[in-house]
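These are the residues of each chain, in order.
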Amino acid sequence: MIEKKQRKYDIAYLKMAKEWAKLSHCKRKQVGALIVKDKMIISDGYNGTPTGFENHCEDENEDTKWYVLHAEANAILKVASSTQACKEATLYITMSPCKECSKLIHQSGIKRLVYVQAYKDNTGLQFLEKAGVEVVHIEKL
């Protein structure tokens, strides 16, 4: 019963993350993230340029600019500037993390990751599983 209830919450939060992704100005990929702790959303993020920079994520060749922040990094950084903490939280994200972001996820204390779409490189997921983070893939919302 608890598993069924948890899945219901997981799907609801992933749907919210999908809506959040629509706020991204990136053309190639729009990714959204929510950090939830004790059934409360403590942070959110989407992929985009740092504060104070132009909103366009791609350069004139349509390549992603090197300084674009990933959705999960933006969400974790928001928590860092608040009174909250990610310890024991769940990260809901529309696309699985890259290897660089997976280090941030683990180091921030997030203990559970739920994602929709798989990123082209699964090294980040392998790292998180090795680090003891529970990883859940939900394809159909």
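What you see is a predicted model; the values in this text were computed from it and never measured.

Peer 1: For this particular structure, what's the right way to read the nonpolar core?
Peer 2: Nonpolar side chains in soluble globular proteins tend to end up buried together. One finds Ala33, Ile35, Leu91, Ile93, Ile105, Ile110 and Leu113 to be the most contacted residues of the largest nonpolar core, which totals 20 residues. A total of 4 residues in this core trace back to one element, the largest contributor, which is helix 2 (residues 71-80). Apart from residues lying up to four places away in sequence, Leu113 is in contact with Leu91, Ile93, Pro97, Ile105, Leu125, Leu128, Val133, Glu134, Val135 and Val136. If you look at the next biggest cluster of nonpolar residues, it comprises 11 residues, including Ile11, Leu14, Ala17 and Val136.

Peer 1: Looking at this structure, I do not really get the layout of surface pockets. What am I missing?
Peer 2: To find leftover empty space, one rolls a probe the size of a water molecule over the atoms. Considering only enclosed or pocket space, the largest pocket measures out at about 460 Å³ in volume. Lining the largest pocket are 20 residues; nearest its centre among them are Lys29, Asn47, Thr64, His70 and Tyr119. Breaking the lining of the largest pocket down by element, the ones donating at least two residues are helix 2 and strand 3 (90-95). Looking at the lining of the largest pocket, its residues break down into 10 nonpolar, 4 polar and 6 charged. Of the voids in this model, the second largest pocket is the one considered here, and its volume is about 270 Å³. Around the second largest pocket sit 14 residues that line it, and Tyr46, Gly48, Thr49, Thr51 and Asn74 are the ones nearest its centre. Only strand 2 (40-46) and helix 2 provide two or more residues apiece to the lining of the second largest pocket. Element by element, the count of residues in the lining of the second largest pocket is highest for strand 2, at 3 residues. Across the lining of the second largest pocket, the residue classes break down as 4 nonpolar, 8 polar and 2 charged.

Peer 1: Help me understand the packing of aromatic side chains, please; the structure alone is not making it clear to me.
Peer 2: Where two aromatic rings form a pair, the distance of their centres and the angle of their planes describe that pair. Tallying each qualifying case throughout the model produces 4 aromatic pairs. A ring pair is formed by Tyr9 and Tyr13, whose centres lie 6.4 Å apart and whose planes are at 25°; its orientation type is stacked. A residue pair is termed a helical-turn pair when its members lie 3 or 4 positions apart in one helix, as Tyr9 and Tyr13 do in helix 1 (residues 2-21) at 4 residues. Relative accessible area serves as the criterion here: at 10%, Tyr13 is assigned to the buried category. Consider the rings of Trp66 and Tyr67, whose centres lie 5.5 Å apart with planes at 85°: the pair is edge-to-face. By relative accessible area, which is 78% here, Trp66 ends up exposed.

What counts as what
- Residues numbered from 1 in each chain as written.
- Predicted model: local features only at pLDDT ≥ 70, side-chain atom pairs only at ≥ 80, totals over all residues.
- Heavy atoms only, no water.
- Core = buried A, V, L, I, M, F, W, Y, C linked by side-chain atoms within 4.5 Å.
- Buried < 20%, exposed > 50% of the residue type's maximum accessible area, 1.4 Å probe, protein only.
- Helix = DSSP H or I, 4+ residues; strand = E, 2+ residues; numbered from the N terminus.
- Contact = heavy atoms within 4.5 Å.
- 1 Å grid on protein atoms, 1.4 Å probe; cavity = no way out; pocket = protein on both sides within 12 Å on 5 of 7 lines; lining within 4 Å.
- Points joined across faces, edges and corners; volume = space filled by probe spheres on them.
- Nonpolar A, V, L, I, M, F, W, Y, C, P; charged D, E, K, R; others polar.
- Phe/Tyr/Trp six-rings, centres within 6.5 Å; stacked < 30°, edge-to-face > 60°.

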